[in-house]
Amino acid sequence: QVQLVESGGGLVQAGGSLRLSCAASGTFQRINTMGWYRQTPGKQRELVATIISGGTTNYADSVKGRFTISRDNAKNMVYLQMYGLKPEDTAVYYCNAGLWASSPYRYLEVWGQGTRVTVSS
């Protein structure tokens, strides 16, 4: 069983910062891609940032220069440091991981439950 648990969401004023964390637990051999996605009511879930095991990152244009994704492979964690938050960043943020599980050996895509970020004007 593999699960992801997010933390760090909250209410902040525009221009503020937050750091989101996601911890992966369970039985698996290697996590390949980890990322953050966000979703608001009536809107499709969208990519925020991803990071590959080797360190390559990808960001949505709307967050470039403001958000930084990082990971700690030894701890099986991924982080999203957010600066200069805007009201349009308000959403539920979900952690995602693509990983190789065992027994049987297979590739899994796992989602966390989400953590809410609210940015006030």
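The structure reproduced in this document is the subject of the present report. (Residues numbered from 1 in each chain as written. Predicted model: local features only at pLDDT ≥ 70, side-chain atom pairs only at ≥ 80, totals over all residues. Heavy atoms only, no water.)

Things to note about the overall build of the chain
- Looking only at helices and strands, the chain features zero helices and eleven strands.
- The linear arrangement of helices and strands in the chain, starting from the amino end, is β-β-β-β-β-β-β-β-β-β-β.
- Over its C-alpha atoms the chain spans a radius of gyration of 14 Å, differing by no more than 12% from the 14 Å that the globule rule assigns to 121 residues.
- In terms of principal-axis extent, the alpha carbons of the chain reach across some 50 × 25 × 20 Å.
- When burial is assessed residue by residue, the chain has 42% of its 121 residues classed as buried.
- Sequence-distant contacts in the chain: of pairs separated by 6 or more residues, those separated by 24 or more amount to 55%.
- When the accessible surface of the chain is summed, it comes to about 6400 Å², and 47% of that surface belongs to carbon and sulfur atoms.
- Seen as two clouds, the 12 positive and the 7 negative side-chain charges of the chain have centres 4 Å apart. (Helix = DSSP H or I, 4+ residues; strand = E, 2+ residues; numbered from the N terminus. Rg over C-alpha atoms; globule rule 2.2 N^0.38 Å. Buried < 20%, exposed > 50% of the residue type's maximum accessible area, 1.4 Å probe, protein only. Contact = heavy atoms within 4.5 Å. Areas by Shrake-Rupley, 256 points an atom, 1.4 Å probe, with all protein chains shown as cover. Lys, Arg positive; Asp, Glu negative; His and termini not counted. Charge placed at Lys NZ, Arg CZ, Asp CG, Glu CD.)

A few points about the pattern of salt bridges
- Overall, the coordinates contain four salt bridges when judged by the stated rule.
- Where glutamate 46 meets arginine 38, a salt bridge forms, and the shortest distance between an N and an O atom there is 2.8 Å.
- Note on arginine 38: relative accessible area 6%, which makes it buried.
- Note that lysine 64 is salt-bridged to aspartate 61, the shortest N-O span being 3.2 Å. (Salt bridge = Lys/Arg side-chain N within 4 Å of Asp/Glu carboxyl O.)

Remarks on the nonpolar core
- Trp36, Leu80, Met82 and Tyr93 are the most contacted members of the largest nonpolar core, which totals 32 residues.
- Discounting residues that sit within four places of it in the chain, leucine 80 has contacts with Leu18, Arg19, Leu20, Trp36, Val48, Ala49, Phe67, Thr68, Ile69 and Tyr93. (Core = buried A, V, L, I, M, F, W, Y, C linked by side-chain atoms within 4.5 Å.)

Keep in mind these numbers describe shape, not what the thing actually does.
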